[in-house]
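One letter stands for each residue in the lines below.
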Amino acid sequence: MNQFNQFDISDVFNEINSPLFIIESEEIIFFNKFFIDNFIPISDFWREVFQDEELVSSLNLFFDTGNVPKNTLIESLQPKIFDNQQYEWSFTNLPSSYTDRFLIVRAHDMKFLSEKYAQEQRAKLILLKSEEKYRTLVEKSTEIIFSLSDTLELEYISPNVRQFVGYDADLVIGTSIINYLNPEDLDALQSVRGEMSDFLDENQYLEFRIKHVNGDFIVFGSNGKMVFEKGTNKRSYIGVARDITELKQTQKDLLDAKERAEQASLAKSQFLSIMSHEIKTPINALLGLTHFLMVDNPREDQLETLKTLQFSVENLMVLINGILDFTKIESGKIELEQAPFDLRDLINRIAHSYSFQGRIKGVNISTEIDSKIPQHLLGDPVRISQIINNLLSNAIKFTAKGQVKIILKLVNSQVNKCKINFRIEDTGIGISNDKMSSIFEAFTQATSSTTRNFGGTGLGLAIVKRLIELHDSEIKVSSTLHVGTVFEFSLKFIPVEEYIFTNTQELETTKKSLQKASILVAEDNLVNQILIKKFLKKWHVGNLIIASDGQEAIDEFEQGEFDIVLLDIQMPIIDGFKVAKWIRSTKDIQKREVPILLLSASSYLEIREEMEENRINDFIEKPFTPEGLYGKLSQYLNWKELS
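First, a word on scope: everything that follows refers to the structure included in this document.

Cut-off values and rules
Residues numbered from 1 in each chain as written. Predicted model: local features only at pLDDT ≥ 70, side-chain atom pairs only at ≥ 80, totals over all residues. Heavy atoms only, no water. Buried < 20%, exposed > 50% of the residue type's maximum accessible area, 1.4 Å probe, protein only. Helix = DSSP H or I, 4+ residues; strand = E, 2+ residues; numbered from the N terminus. Pairing = 2+ DSSP bridges. Axes fitted to C-alpha atoms, helices over the stretch in contact; angles between N-to-C directions. Left-handed = near helix turned anticlockwise from the far one by under 90°. Contact = heavy atoms within 4.5 Å. Nonpolar A, V, L, I, M, F, W, Y, C, P; charged D, E, K, R; others polar. Patch = residues over 30% accessible without salt bridge, like charges linked within 9 Å, V, L, I, M, F, W, Y side chains within 5 Å. Areas by Shrake-Rupley, 256 points an atom, 1.4 Å probe, with all protein chains shown as cover. Salt bridge = Lys/Arg side-chain N within 4 Å of Asp/Glu carboxyl O. Phe/Tyr/Trp six-rings, centres within 6.5 Å; stacked < 30°, edge-to-face > 60°. Lys, Arg positive; Asp, Glu negative; His and termini not counted. Charge placed at Lys NZ, Arg CZ, Asp CG, Glu CD. Core = buried A, V, L, I, M, F, W, Y, C linked by side-chain atoms within 4.5 Å.

Concerning helix α17 (residues 460–470)
Here α17 has its buried residues at Leu461, Ala462, Ile463, Val464, Leu467 and Ile468. Asp472 occupies a position one or two residues after α17 and carries a positive phi of about 60 degrees.

Below, the structure is given as C-alpha cells:
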C-alpha cells in the first residue's frame, strides 16, 4: 500500500468523485478518498470480500493471463447511507513499471445503475418495513399468537404474552404448556393425551386457564388449526388466544341472575297458586251454598237476596280471576287449548247470564249471530268466554241506558277453517280520543273518577287485548263521547263434525243419578267437604267417603272399593299429586286404574305436566258449578251402568 501511495497518480484517484480502489493478486492496495468517506470499510484481502465464485474466478484469471473481468455488481460493497441505488463496478488494467498485474475497480456514474438490483433492494426494504409493522402488531396485539407441537411444546409465542401472564416469551418457548395449565384443565387434557394430535385437529376452539406469575389463573379462549410444516410430516397447532376472563365472569353473573330470576318466578308462581287456592276455596263454598239455597224453594224476597249474593260472589270471582290471569299472561304461562264447542250457544249463555244485571240498569242486552257460522268449532271456549265476558261486562258497566249488542259475522269460510268477526256495541258514556290508547294498559282506566264511579281493577281490557293477541289477532275500538263505543276483532276457528257433541248432549238430557257409584273425596277444607257432600247426596250417590288429608285418603282407598277418586291438590301431610302417584303404583291392577280427578284452583296448563306424570285423568277447576262437577263425574263413571 505504501509503495503504491508513492505513485504520482494517487492524488488524481483521490480527486475522482466516485468510489475506487486498486487490487493486486492478494490484497487491496489502495482506496480513494470517496470510497473511504462514503462506503462501509472492507477487508484488505479481496478474497474475503468477494463472495461471488464467478467474480473470484475472473480475478484469478486476470492475475494469471491479464484478461480483464467484465462489469458486475458486487453486493458486499455497500454505501454507509443506503440511497436505494446500487453501483455497477468496472475493472481496468493499471499499467505500471512495478508489476504487470494491477486492477482499478471503480463504480460508474448513476447512468450505469442496475435497475434489476435497485428493484431487489426496494423489495427488500418493503419486506423489512412489512416485517417491522407486523412485529409491532404482534407485540402490541390484545391477542397472543402461538404455535404448539403435537406434544404440547410451545414452538413459538408472541412477545405480548408478558402483558397477559407475566412470562417472557424467550423463557416460555421450548417449554410444555402443561407447566402453566390449571390442574383441573390438566386432568381433562390427560384423558386424551395419547390422541393429542387428533384432539387438536378436531377441536379448533379451546378454552383453558393459564397460571399468571402472581399465582392467579387467567381464562383464555383460542382459535386455531393443525398445519403441516412445509416439506415434512410434522404438524403444529397454530392458534390465536385471547383473555376471556371477564367474559366468563360476565356469563357466570348472567347465569346466576337467570337462576335467581327463575327462583323468584317459581316463588311467585307458588305464591299465586297458594293464593288462588286460598281465595277460590271460600268462593267455591259461597257459590255452591247460594246455588243450594236458590233451588230450595226460597220466598220471592229471599230469592232476590240470593241472586244479589250470587251476582256479588261471581263479580268477586271475575276480579280475582282477572288479577290471576293477567299475571299468568304476563309470565307467558297461558296457552290456548283446542276443544270442540258451540260458539252460538256459548255467546247466548254469556248474554243470558248478564240479563239480570241489564234489567236492573234498564239496558237491553241482545245478540245477532250470523246463521252461516258453523255450529261446532275447534277453539278455546274458556278464553273466548273470558274475552266476551270482559267486553260485555265493561259495556254494561259504562252504559246507563240504551242497549248492548253482541254481533258475530262470518267473514270467510273454507273446509278446514273459518274467520269470524266479533263486534260489541254499546250506547254508553264513550271514550275520549286522548284516552283511547291507554284503556288497554294494565290497572288503567279512562279517568281517575272511573274506578270511584264504576268500580273495577282496570285489568279487563288489558286481559282482552293479550288474549286476542294470543289468537294472532288484534282488537280495534271506536268511540264517541256520550254516544257509545264499539270493540271489534276477528278470530280464526276450525269447523268440526257434529257427532263429537252427541255424548255430551245425552249427558245433559239425562236425569242426574249416581245410585251405584262409590266415590272417594279428599278435601281438607270443611266448608268444601259440606258442599261436595250436599251435591253428591242430592244426586243419590251410592257410597261416599270423605278424607281430610292425603294420608287418610290412602288409608280409605286401601280399605274400600271406589269407582272414582276426587283429590284436592293442596292438603296436609300428603298432597293430591303424591296420593295419585301412590294409587298408580299399587299392586292391585284394577284399583290402580281407577279414574282420578283433581280439584284445583289452578289452571290446567299450570298442572298439566304433573297430571300427565301421575296419570291423572282430568281436573275440576274451583270454583265449580253443579253442572260442571256432575258432567265430569258422569264422563268417567259411565253413568248408564251406575244409575
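Concerning the sheet that holds strand β3 (residues 89–93)
Read across the sheet, four strands follow the order β2-β1-β4-β3 without closing on themselves; strand pairing throughout is antiparallel. Looking along the sheet, the strands with just one partner apiece sit at the ends: β2 (28–31) and β3. Sheet twist, expressed as the mean angle between neighbouring strand axes with direction ignored, is 25 degrees. The pairing of strand β1 (residues 20–23) with strand β4 (residues 103–107) spans four bridges and is antiparallel.

Overview of the packing of helix α13 (residues 343–353) against helix α15 (residues 381–397)
α15 packs onto α13 with a crossing angle of 35 degrees between their chain directions and a minimal axis gap of 10 Å. Of the two possible hands of crossing, α13 and α15 adopt the one that is right-handed. Residue-level inspection shows Leu343, Leu346, Ile347, Ile350 and Ala351 of α13 in contact with α15, the latter providing Pro381, Ile384, Ser385, Ile388, Asn389 and Leu392. Each residue belonging to the contact of α13 with α15 can be placed in one class, and the counts come to nine nonpolar, two polar and no charged.

Section: the environment of Val541
Counting through the fold element by element, Val541 comes out in the loop between α19 (526–538) and β18 (543–547). Judged by relative accessible area, Val541 falls into the buried class, the value being 8%. For the pair Val541 and Ser518, spaced 23 residues apart in sequence, the C-alpha separation works out to 7.1 Å. Other than its neighbours up to four places away in sequence, Val541 contacts Leu514, Gln515, Ala517, Ile519 and Leu536.

Considering the sheet that holds strand β9 (residues 235–243)
An order of β6-β5-β9-β8-β7 is seen for the five strands of this open sheet, with the pairing classed as antiparallel. Both outer strands of the open sheet, β6 (154–157) and β7 (205–211), are each paired with one neighbouring strand and no more. For this sheet, the mean inter-axis angle between neighbouring strands, taken without regard to orientation, is 30 degrees. Two strands pair when backbone bridges link them, and strand β8 (residues 217–228) and β9 are joined in this way by nine bridges, in the antiparallel orientation. Within the sheet, the bridge partner assigned to Val227 lies in β9 and is Ser236.

Here we look at a nonpolar patch on the surface
Taken together, the side chains of Ile145, Tyr156 and Ile173 define a hydrophobic patch exposed on the protein surface, amounting to about 220 Å² of accessible area. Tracing the sequence through the fold places Tyr156 in strand β6.

Remarks on the packing of aromatic side chains
One pass over the structure, following the stated rule, counts 22 aromatic pairs. Taken together, a centroid distance of 6.4 Å and an interplanar angle of 25 degrees make the contact between Phe208 and Phe220 stacked. You can see Phe208 sitting in strand β7 and its partner Phe220 sitting in strand β8, a full 12 residues away along the chain. Classification of Phe208 by relative accessible area gives buried; the value is 13%.

Considerations on a negative patch on the surface
Taken together, the side chains of Asp52, Glu53, Glu54 and Glu75 make up a negatively charged region of the molecular surface. In this fold, Asp52 is placed in the loop between α4 (46–49) and α5 (53–65). A relative accessible area of 45% places Asp52 in the partly exposed class.

Quick look at the nonpolar core
Among the nonpolar cores identified, the biggest contains 40 residues, and Leu343, Ile388, Leu391, Ile420, Phe422, Phe489 and Phe493 are the most heavily contacted of them. Within the residue set of this core, elements represented by two or more residues are α13, β11 (363–369), α15, β13 (402–413), β14 (418–426), α17 and β16 (484–495). If you tally residues by element for this core, the top one is α15, at seven residues. Beyond its immediate stretch of four places on either side in the chain, Leu343 contacts Ile373, Gln375, Leu377, Ile384, Leu408, Ile420 and Phe422.

A closer look at the pattern of salt bridges
Going through the model one piece at a time under the given rule, you end up with 13 salt bridges. A salt bridge links Glu425 to Arg423; the nearest nitrogen and oxygen atoms lie 2.5 Å apart. Arg423 gets classed as partly exposed once you look at its relative accessible area, which sits at 25%. What you see here is one network of salt bridges that share partners, running through Arg423, Glu425 and Glu488.

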